[in-house]
Amino acid sequence: MSEDVRLIAWVRGRVQGVGFRWFTRAKALEIGGLSGFALNLGDGRVQVVAEGARERCEGLLDWLQTGDTPGHVDGVTEIWDTPRGGYDGFAIR
């Protein structure tokens, strides 16, 4: 059985105003078993927080880095942590 983890990713590039958060939520729901959110930051990045099984979070991270995302991703910085819980599904903030 896979351990549950918390992924925090900051996505750089042209990722605001192009539907990036909506598509990130859709991908998280497609993967299934993930909770968290996608949030526009004031500096132009999108922050993605996802909690769930490690392989599911890794699948979302892979999509963020190399998938068919809207806009243009220049890079992704991520950190891994223990889950905190408290999310109701996967939200757009």
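Thresholds applied
- Residues numbered from 1 in each chain as written.
- Predicted model: local features only at pLDDT ≥ 70, side-chain atom pairs only at ≥ 80, totals over all residues.
- Heavy atoms only, no water.
- UniProt positions renumbered as here; feature names shortened; annotations may be inferred.
- Helix = DSSP H or I, 4+ residues; strand = E, 2+ residues; numbered from the N terminus.
- Buried < 20%, exposed > 50% of the residue type's maximum accessible area, 1.4 Å probe, protein only.
- Polar contact = N/O pair within 3.5 Å; in protein donor to acceptor, adjacent residues only side chain to side chain.
- Core = buried A, V, L, I, M, F, W, Y, C linked by side-chain atoms within 4.5 Å.
- Contact = heavy atoms within 4.5 Å.
- Expected span 1.5 Å × (residues − 1).
- Arc of directions from axis to C-beta.

Visitor: Before we move on, can you summarise the UniProt feature "domain: Acylphosphatase-like" (unreviewed entry) in the chain with the specific residues and values?
Guide: In the numbering used here, UniProt assigns the "domain: Acylphosphatase-like" (unreviewed entry) feature to residues 6-93. End C-alpha to end C-alpha, residues 6-93 measures 18 Å, and it is 28% helix and 41% strand.

Visitor: For the UniProt feature "active site" (unreviewed entry) in the chain, give the residues involved together with the corresponding values.
Guide: Feature annotation in UniProt assigns "active site" (unreviewed entry) to the following positions: R21 and N40. In three dimensions, the annotated residues from a span of 20 residues occupy one location, with a maximal C-alpha spread of 7.8 Å. Of note, R21 is situated in helix α1 (residues 20-31). For R21, a relative accessible area of 24% gives the class partly exposed. Its location among the elements puts N40 in strand β2 (residues 35-40). Within the local environment of N40, its side chain forms a polar contact with the side chain of R21, the two groups lying 3.5 Å apart.

Visitor: So, the nonpolar core: which residues are in play, and what are the values?
Guide: Core analysis: the biggest nonpolar cluster contains 20 residues, and V11, F20, V48, L60, L64, V76 and F90 have the highest contact counts within it. Elements supplying a minimum of two residues to this core: β1 (4-14), α1, β3 (46-53), α2 (54-66) and β4 (72-81). Top element by residues in this core is α2. It accounts for five residues. Once residues within four sequence positions are removed from consideration, V11 is found in contact with F20, R45, V46, V48, L64, V73, G75 and V76.

Visitor: Break down α1 for me, citing the residues and quoting the values.
Guide: The end-to-end C-alpha distance of α1, which contains twelve residues, comes to 16 Å, matching closely the 16 Å that a straight helix rising 1.5 Å per residue would cover. Looking only at α1, the buried set comprises F20, T24 and A28. Viewed along the axis of α1, the buried residues span an arc of 75°, placing them on a single side of the element. Relative to its buried face, α1 has exposed residues pointing more than 90 degrees away, namely W22 and E30. Of the surrounding elements, those touching the buried residues of α1 are β1, β2, β3, α2, β4 and β5 (90-92).

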